[in-house]
Amino acid sequence: MSQWKQIQQLEIRLLEHVDYLYDDNFPMDIRQGLSGWIESQDWDIAASDEAVAAVLFRDLLSQLDKLRLQEQNFLQRHNMKIIQQQLQVKYTSNPIVMARVISTCLREERRILSSACLQEQGPLEKSLQNSVALEKQKQMDHRVGIIRASVQLMDQAVKYIEDMQDDFDFRYKTLQSRESTDTRQNSEMMKQEVTRLQEMLNRLDYKRKEILSKMDDVIKEIDDLLTSQLNPELLDWKRRQQIAAIGGPLLTGLEQLQSWFTLMAQSLFQMKRQLDKLVELVVKVTYESDPIPLQKHQLEERIKYLIYHLIRSSFVVEKQPCMPTHPQKPLIIKTGVQFTTKVRLLVKLPEVDYQLKVKTTFDKDLPPGRVSRQFFILTNNTKVMDIEDYSNGCLSVEFRHLQLKEKKYINGTKGNEGLLSVTEELHSLSFEACFTVQGLTIDLETCSLPLVVISNVSQLPGGWASVMWYNLLTDEPRNMAFFGNPPRSTWSQLSEVLSWQFSTFVGKGLNKEQLHMLGEKLLGQHVSCSDYQVSWSKFSKENIPGKPFSFWMWLDSILELIKKHLLPVWNENYIMGFVSKEMERTLLKDREPGTFLLRFSESHLGGITFTWVEHNTNGGVKFNSVEPYTKNRLSALPLADIIRDYKVISEGVVPETPLKFLYPDIPKDEAFGRLYNSQPSKVHPYIPSTLIPISELRPLLVCDLSPHDTTTAPSRQSPEPPMTPGEFDMLSEQLCFDIDSMSSSYSE
């Protein structure tokens, strides 16, 4: 079943999350109409390769043409034409942006499908959903709406005061001109006019005090809104950005934040203009105890203060630094490799000077001795912000070609070495700009989340472990000393993030049983306690007892193996994966002979093995496990083909196929038939040949067991690479099958 069909079968609660994914950047109409074609393309590669992205963009437009011509409904054809034109405007000059949008949507769909398979959401995901509750946003919209309406009414009040003052000014000057021609009759009229002017002045004074009081109330309301809701919402978005960076739910809400920030900025600038207008009116008409000169300075300073802090807060890193070669592992930068990042101003004002230059600086103001290595930006580090047509016209700038280079050191001395490992040293990228509008100059500054800088791709797993641990356990934007004394994580927190790694990188998260097995491997008997504290060292630095690698290195090697060699089998749910030897025996012992299951090796980095069950004539049970297949062997032959052709040989007997049923009882060919790839060679005049993986079953290992006994035969080694039957016979004659010496004890 296609991914889109699975999405359409989700419950309404999850479909609402899907709805968030699609907007004008990638309309759902396209996802629906071209679902099959879209899912058959590699958007992850296109998201980091401009040439591939350009080809896919042209293909997408071509597919839309075909879809539109096939559509019978006139209105639908018209809508598709509009969509196609919009896509051309947005992405013709930059198709890689479209590829990134589609890649993100597909990845988030897989995450949503994965979460639907789990019985319940993890604590992190629940907390994130609570923080962006619809009711909370409605309340915010309501308060913002009231403020905007109040400011608009004050515009009318200022105009009313201006008209009233003009009338007063005209009458007053008229009265002054009559004083020179004073008569008794005119004197009486002048007294009446003076009385009328006094009434007008009292009314004017009342209106001035009224609008200043109203302005004071609105300033207080804006201040409270910024303090109690808008700033917390921004901090909440930044926290969700951290979680999204390590595989959590898709980051949304920036457009809503921009709307709130913009409306508040517009209100404050409008009030500033209103206050300036009132000051102009004072020049024409003032009087003793005039409230405007008395309150003007205080109100002006409060408005400027709110504008200053609002604008500074609105300067955010929209996309954290990331290498296009590893789009799903942001915040890791390799020296000499280009990386991208994007900053955005959430305040949208038409009068802003659009020549807003942004300068990037690496490790700005980092205390001396904090890191052992120092870097500088090799490429141009200054760029001008521009208006984005496809994001409601916000101001943003994307740095696409930044590159780091390590500084050279005199006499080879780097500084404080040995305090932290390379992947534990944290760095940051700062952004600075100078914002000028309506006579105000505001210095803007923001910074990325902490970065890990590596010099070799082998450091990538360790770097990603650091990124996960930091963003899981702290919301501090710049705690560079974090790994000097890293906090512990509860197992419930860590297990949720580990499941995200699988849903992000290989399309399907882990279920409770798989997470429980991982917990057993990491925590032993403490796995039943979800609040058990896991240390950073135990997770990433200490070797697993009896193994030459850490827990994270082992798990990361499995992720790489799935992504590069096992993805089709994994997405079909055919790999049980994380299951202990004891549980494996329990599951298989009562099954039909030839029943097998697939699990990841516990003793090899990036290995997968299969174990099958056999029954002796006297009712005994025996388990056989093949030596784990690693990336080298799976590069020669896909796992599905290995399972199809796998054979064992004993005492020179014709090789037989021991694998019959995938656990619990699925016929092998029924399960894997669609995944078989390799076919016998049809090149004439040669005889067709097939690569066949074969293991030798030694007679000494075939033990007769009682019906109540079970045992596990040593793991079977398959020749590497797999051999054709003819090659196997030749090897058998030359070596007399002296493969006994190659067999290893069952360590799985």
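About the thresholds
- Residues numbered from 1 in each chain as written.
- Predicted model: local features only at pLDDT ≥ 70, side-chain atom pairs only at ≥ 80, totals over all residues.
- Heavy atoms only, no water.
- Phe/Tyr/Trp six-rings, centres within 6.5 Å; stacked < 30°, edge-to-face > 60°.
- Buried < 20%, exposed > 50% of the residue type's maximum accessible area, 1.4 Å probe, protein only.
- Helix = DSSP H or I, 4+ residues; strand = E, 2+ residues; numbered from the N terminus.
- Lys NZ or Arg CZ within 6 Å of the ring centre and 35° of its normal.
- Contact = heavy atoms within 4.5 Å.
- Pairing = 2+ DSSP bridges.
- Salt bridge = Lys/Arg side-chain N within 4 Å of Asp/Glu carboxyl O.
- Axes fitted to C-alpha atoms, helices over the stretch in contact; angles between N-to-C directions.

A.B. asks: So what's going on with the packing of aromatic side chains? Which residues, and what values?
C.D. replies: Applying the stated rule across the entire model yields 25 aromatic pairs. Measuring from centroid to centroid gives 4.9 Å for F482 and F483, while their planes differ by 85°, and the two rings are edge-to-face. Both residues of the pair, F482 and F483, count as buried. For the ring pair W554 and F578, a centre distance of 5.9 Å and an interplane angle of 75° mean the geometry is edge-to-face. Of this pair, W554 sits in helix 18 (residues 551–571) while F578 is found in the loop between helix 18 and helix 19 (581–588), placing the two residues 24 residues apart along the sequence. Assigned by exposure class, W554 and F578 land together as buried. One residue, K508, lies across the ring of W570, its end atom 4.2 Å from the ring centre. The positively charged end of R644 is found above the aromatic ring belonging to Y676, 5.0 Å away from the centroid.

A.B. asks: Quick one: what's the story with the environment of V18, residue by residue and with numbers?
C.D. replies: Assignment of secondary structure puts V18 in helix 2 (residues 12–21). Given a relative accessible area of 2%, V18 falls into the buried group. Considering only alpha carbons, one finds V18 and I7, 11 residues apart in sequence, at a separation of 8.1 Å. If sequence neighbours within four positions are ignored, V18 has contacts with W4, I7, M28 and I112.

A.B. asks: Quick one: what's the story with the sheet that holds strand 8 (residues 395–402), residue by residue and with numbers?
C.D. replies: Strand pairing in a sheet relies on backbone hydrogen bonds. The paired strands run either parallel or antiparallel. Read across the open sheet, the four strands follow the order 1-3-8-7; overall the sheet is antiparallel. Looking at strand neighbours, the two that pair on one side only are strand 1 (315–322) and strand 7 (386–387), the edges of this open sheet. Relative to strand 3 (residues 339–345), strand 1 runs antiparallel, the two sharing five bridges. Within the sheet, the bridge partner assigned to K319 lies in strand 3 and is K342.

A.B. asks: So what's going on with the pattern of salt bridges? Which residues, and what values?
C.D. replies: All chains considered together, the criterion is met by 34 salt bridges. A salt bridge links R171 to D167; its shortest N-O distance comes to 3.5 Å. Within this pair, R171 and its partner D167 are both found in helix 10 (residues 134–178), separated by four residues, close to a single helical turn. Overall, the relative accessible area of 28% leaves R171 in the partly exposed class. Each of E255, E318, K342 and R344 takes part in salt bridges that share partners, so that together they form one network.

A.B. asks: Can you explain the sheet that holds strand 11 (residues 440–447)? Please cite residues and give values.
C.D. replies: Sheet architecture is open: four strands sit in the order 6-4-10-11, paired in antiparallel fashion. The two strands at the open ends of the sheet, each matched to only one other strand, are strand 6 (382–384) and strand 11. Averaged over all neighbouring strand pairs, the angle between strand axes comes to 20°, with direction disregarded. Across three bridges, strand 4 (residues 357–362) lies against strand 6 in antiparallel orientation. Among the inter-strand pairings, V358 is bridged to a residue of strand 6, identified as K383.

A.B. asks: For unusual backbone geometry, give the residues involved together with the corresponding values.
C.D. replies: In this model, Y663 is joined to P664 through a cis peptide bond whose omega is 5°. For P664, the location among the structural elements is in the loop between strand 19 (661–662) and strand 20 (666–667). The phi dihedral of S289 is positive, around 65°, even though this residue is not glycine. In this fold, S289 is placed in the loop between helix 12 (254–284) and helix 13 (291–313).

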